[in-house]
Structure formats: structure tokens, C-alpha cells
Amino acid sequence: MKKLSLLGLAALLSACQSMQPAPKASLEGEVFYLQRIALPPTAILSVSLQDISLADAPAKVIDVQRGQVQGQVPQAFHLSYDPLKVEPNHRYSVSARIEVDGKLKFITTENHAVRLDGTDPQPLKVRVDPARY
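- Per an unreviewed UniProt entry, the chain is named YbaY family lipoprotein, and its organism is Pseudomonas monachiensis.

Structure representation (C-alpha cells):
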């Protein structure tokens, strides 16, 4: 009986050791725009890290930060990812958008490519431009 409980305890301990949290890496940055206008307190900023490798398919979202803006631009952001899941032959990008009362006001119009290999400049500077209707 003692052997059985010791075996069970050993199995439980090895299972706990294999359940270590995945390593995390992050990108820090700021979203800004060039227009000299203030954002209302209801503005929502969304910043996402995406895998954009497949041209004929939607981007795969890796992480998103979304919330009300705090003051005026630049707005800080923090995105996390698992460096063990980064594919060396894939392309990654950071995009941002600002909405006010459900309407898009600003969005990234250029590709903000990142490598996710530890060489990306930080803080990242991500420019958004006025949405055109």
C-alpha cells in the first residue's frame, strides 16, 4: 500500500512540474497621431499583435490590449506572447485603432512589423491616422 501511495505521489509531483507556466515575452510601446485634437473620455484604444503570414487568410491574433484611453496621446500599450510559439518564417505586426462611441476614428495605415526575437526596438511607436469614410 505504501508503494502505491508513493507512486501516486511521484506521478502527481511530476505532473505539477510539467505544468509550469509558458514563458512570456512582451512588447511595450505607444500609439500616437499627428492631428492636434483631443480624444473624448469615451474613446477606446485597441492594440493587437498579429501573425500576418498568410496573405489570403485573416490575421491570427496573438494578444490584444483594449480599454478606455487615459488622457491624450501618446497612449502606452503592453502586449504579451509566448516566444516558444514564434515561427521564424512567419511575419508579425502590431496594429491599433481608436473608436469613439462605436465609430472608428483612427487606425494604423502602415505595417508595423515586429520580429519577436528580442531585437525589436522598445518602446514601439505606432502611428494611427484618421479613418476615412
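From this point, the discussion proceeds with the structure in view.
**Some remarks on the sheet that holds strand E4 (residues 75-81)**
Moving on, step 1. Taken in spatial order, the three strands of this open sheet run E4-E1-E8, and their pairing is mixed. Bordering the open sheet on either side are E4 and strand E8 (124-127), each of which pairs with just one other strand. Sheet twist, expressed as the mean angle between neighbouring strand axes with direction ignored, is 35 degrees.
Moving on, step 2. Of the pairings in the sheet, the one linking strand E1 (residues 25-32) to E4 comprises seven bridges and is antiparallel in character.

**Some remarks on the layout of surface pockets**
Moving on, step 1. Approximately 360 Å³ is the volume found for the largest pocket.
Moving on, step 2. Along the wall of the largest pocket there are 20 residues; nearest its centre are Asp51, Lys60, Ile62, Lys85 and Tyr92.
Moving on, step 3. Counting only elements with at least two residues in the lining of the largest pocket, the list comes to strand E3 (60-68) and E4.
Moving on, step 4. In terms of residues, the lining of the largest pocket owes the most to one element, E3, which gives four residues.
Moving on, step 5. Here the residues of the lining of the largest pocket are counted per class, giving 10 nonpolar, three polar and seven charged.

**Brief notes about the environment of Asp82**
Moving on, step 1. Relative to the elements of secondary structure, Asp82 occurs in the loop between E4 and strand E5 (92-100).
Moving on, step 2. Separated by 56 residues in the primary sequence, Asp82 and Ser26 place their C-alpha atoms 8.5 Å from one another.
Moving on, step 3. At 2.9 Å, the side chain of Asp82 and the backbone nitrogen of Leu84 are in polar contact.

**Re unusual backbone geometry**
Moving on, step 1. In the segment running from Val73 into Pro74, the intervening peptide bond is cis, with an omega of 5 degrees.
Moving on, step 2. Inspection of the secondary structure puts Pro74 in the loop between E3 and E4.
Moving on, step 3. A cis geometry characterises the amide bond from Gln122 onward to Pro123, with omega recorded as 5 degrees.
Moving on, step 4. Notably, Asp101 is not glycine yet its phi reads approximately 55 degrees, a positive angle.
Moving on, step 5. By relative accessible area, which is 61% here, Asp101 ends up exposed.
Moving on, step 6. Of note, the phi angle at Leu116 is positive, near 60 degrees, even though the residue is not glycine.

Rules behind the numbers
- Residues numbered from 1 in each chain as written.
- Predicted model: local features only at pLDDT ≥ 70, side-chain atom pairs only at ≥ 80, totals over all residues.
- Heavy atoms only, no water.
- Pairing = 2+ DSSP bridges.
- Helix = DSSP H or I, 4+ residues; strand = E, 2+ residues; numbered from the N terminus.
- Axes fitted to C-alpha atoms, helices over the stretch in contact; angles between N-to-C directions.
- 1 Å grid on protein atoms, 1.4 Å probe; cavity = no way out; pocket = protein on both sides within 12 Å on 5 of 7 lines; lining within 4 Å.
- Points joined across faces, edges and corners; volume = space filled by probe spheres on them.
- Nonpolar A, V, L, I, M, F, W, Y, C, P; charged D, E, K, R; others polar.
- Polar contact = N/O pair within 3.5 Å; in protein donor to acceptor, adjacent residues only side chain to side chain.
- Buried < 20%, exposed > 50% of the residue type's maximum accessible area, 1.4 Å probe, protein only.

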